[in-house]
Amino acid sequence: MTAAPVESVARRQRRLLLDSLLLGIGGAASAQLFTLVLNVAQSLFLGRLAGYQPPGLVNEGGSPQEVIGRFGLWLVPVVAAVGGLFCGLLITWLAPEAEGHGTDTAVRAFHRADGALRARVPPLKMLASGLTIGSGGSAGREGPTALVAAGIGSWYAGITHRSPEDRRLLLLIGMSAGLAAIFRSPIGTALFSIEVLYADMEFESGALLYTMLASVVAYAVNGVFTGFRPLFVIPAINNPESIDYVWFTALGLASGLVAVLLPLAFYYTRDLFHKLRIPPAVKPAIGALLTGVIALALPPVIGGGYGWMQRAIDGQLLTLTLLLLVFAKTIAMSLTISSGGSGGVFAPSLYIGTMLGAFFAQVIHKTAAPFAIVGMAAVFAGAARVPMATLMMVTEMTGGYTLLVAAALAVTISYIVQVRLSQHLRYKSLYQEQVPRRADSPAHHTEHLEIALRILEQQRQVRPLEPAGEALLERLRAGVPTELSNDRQLLVGSLRETSAWVGRGFGPERGKIDDEIEILAIMRDERMIAPRPDVRMQAGDKLILLTTAAALERVMLDVAPW
């Protein structure tokens, strides 16, 4: 009787391992394709039309030199606006999901759409982001890559007829593979895909085995084309001295403050553009134009800015310039993406942290590289609320393993400062689609309901009369009672704070409130609890209960819809 379920679990695991291998290859391919699209767009818009070439990374085959054509920088705002207009038209007409930073779209799909993304989204996101970044928009390539690779995972789940649970897993597997290839960070990106889903310190830990495998495969395949060196070149760094940890503590505090500012600037800019009574397709052009105007004075805000980050690490930028770039990049990123453009927030956030760290180093007369790298990790870890993943990603991207302890200190302080200071703010994280904990995810609500229905059918031999499948789960999530075959009604809801049931325990009859109301199960903090004599109900508990039609109105005074 017990062999079948074990075999089923083992078979599913083997299939997911194979899926991870395939999606690892797909993630590497998507990263290579997007890099090609981005390079072509940048060569056309910034190179040929504007006559400008920002510095690039040597380890990516780029030139470390900035090239300004005979027209200076005056064509940059015009070219950026044209790219923003093309992007706006593409998104408005074909795929609104391609707007903004793609990681948030993938997070929303996991929590609220069972991992489903429309098949048209990945190619359109790739093109829209290539236009935005390639024409001079201040955005990163990780968000587009995350959404493209996640979309491949979702599409793969569709053609292989997978369950919603598997489709959510495949979405995360694809996302981690794409990011591992684009950033050459297999461990960090495997963690990122399971940590970015939640604002608190929680992980989708059941997916880690598969995201890790897919990331390693993607990293290995991508390395055949690009090599395996870290993105950034850093000088030899000795282990920090004891006094340096005082400065890293101070940098962590400063990073936490900047991490509070970033989501506020980003989303209030978005709200401002939403209020503009102009065609949506034009808004990205306005944002890009304003970004180009900033670039007239501070050209380092253009694009992802990796070449300028390398210069900051090498100590080649002036102190005042570094400080100005912290705020100018924040504004430029917000104008580019919050206006409706397409691109990621990861690279700009790393950029801001790098400039902050390098500025800090120059103020205290220290070598720039250690503080630039630690600042890089600390700002994004706080602003995006992904401390563990960021710590590993930045370490792998720079090869700065001797700074792991120092970075861990600054990341921890930045995260704590950001969480404490932003707890009463409207916008708390760069990823607005994060939910606080696993218990708050609609994806896991569905799993709980499925478990409850199985228990109900197995133990009581009753079943809902209608509807069935996904329609039934949607109805229960909405708090709509469902009639059962034993003339009772099944209801799911959250215990109100004002309910007289708060603090109430259960007697020998377990879940019975009275002859007409019976509680089947309590879900609290991701745990399903049976109604036992030692259990007392708490406000906010998710209750699965049976009631009669006559008692339904009375129950609704105590229970609110999920």
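Values in this document were obtained by computation on a predicted structure and should not be read as measured data.

(A) Just the pairing of strand 4 (residues 489-495), in detail. Within strand 4, 7 of the 7 residues are buried, which leaves the element mostly enclosed by the surrounding structure. In terms of strand pairing, strand 3 (residues 482-483) meets strand 4 through 2 bridges, oriented antiparallel. Along strand 4, the bridge assignment pairs Thr-482 with Leu-490. In this structure, strand 4 lies alongside strand 7 (residues 542-547), joined through 6 bridges in antiparallel fashion. Note that in strand 7 the partner of Ser-494 across the bridge is Lys-542. With 2 bridges connecting them, strand 4 and strand 8 (residues 559-560) associate as antiparallel partners. For Leu-495, the partnering residue across the bridge sits in strand 8 and is Val-559.

(B) Representation of the environment of Thr-291 in the model. Relative to the helices and strands, Thr-291 is located in helix 10 (residues 283-297). Through-space distance from the C-alpha of Thr-291 to that of Gly-136 is 8.2 Å; in sequence the pair is 155 residues apart. When sequence neighbours within four positions are dropped, the list of residues in contact with Thr-291 reads Gly-136, Ser-138, Val-301, Ala-332, Leu-335 and Thr-336.

(C) Broad picture of the packing of helix 2 (residues 76-94) against helix 10. Running from N to C, helix 2 and helix 10 point in directions that differ by 160°, and their axes come no closer than 7 Å. Comparing their axes, helix 10 and helix 2 come out roughly antiparallel. Our pair here, helix 2 against helix 10, has a crossing hand that is right-handed. Contacts from Val-76, Pro-77, Ala-80, Ala-81, Gly-84, Leu-85 and Gly-88 in helix 2 reach Pro-284, Ala-285, Ala-288, Leu-289, Gly-292, Val-293, Ala-295 and Leu-296 in helix 10. Here the contact of helix 2 with helix 10 is composed, by residue class, of 12 nonpolar, 3 polar and no charged.

(D) Region of interest: the packing of helix 6 (residues 164-183) against helix 7 (residues 186-195). At a minimum axis separation of 8 Å, helix 6 and helix 7 run at an interaxial angle of 145°. Read as a crossing pair, helix 6 and helix 7 show a hand that is right-handed. Across from Leu-172, Met-175, Ser-176, Leu-179 and Ala-180 in helix 6, the residues of helix 7 making contact are Pro-186, Thr-189, Ala-190, Phe-192 and Ser-193. Within the contact of helix 6 with helix 7, the residues separate by chemical class into 7 nonpolar, 3 polar and no charged.

Rules behind the numbers
Residues numbered from 1 in each chain as written. Predicted model: local features only at pLDDT ≥ 70, side-chain atom pairs only at ≥ 80, totals over all residues. Heavy atoms only, no water. Buried < 20%, exposed > 50% of the residue type's maximum accessible area, 1.4 Å probe, protein only. Helix = DSSP H or I, 4+ residues; strand = E, 2+ residues; numbered from the N terminus. Pairing = 2+ DSSP bridges. Contact = heavy atoms within 4.5 Å. Axes fitted to C-alpha atoms, helices over the stretch in contact; angles between N-to-C directions. Parallel < 35°, antiparallel > 145°, perpendicular 65-115°, else oblique. Left-handed = near helix turned anticlockwise from the far one by under 90°. Nonpolar A, V, L, I, M, F, W, Y, C, P; charged D, E, K, R; others polar.

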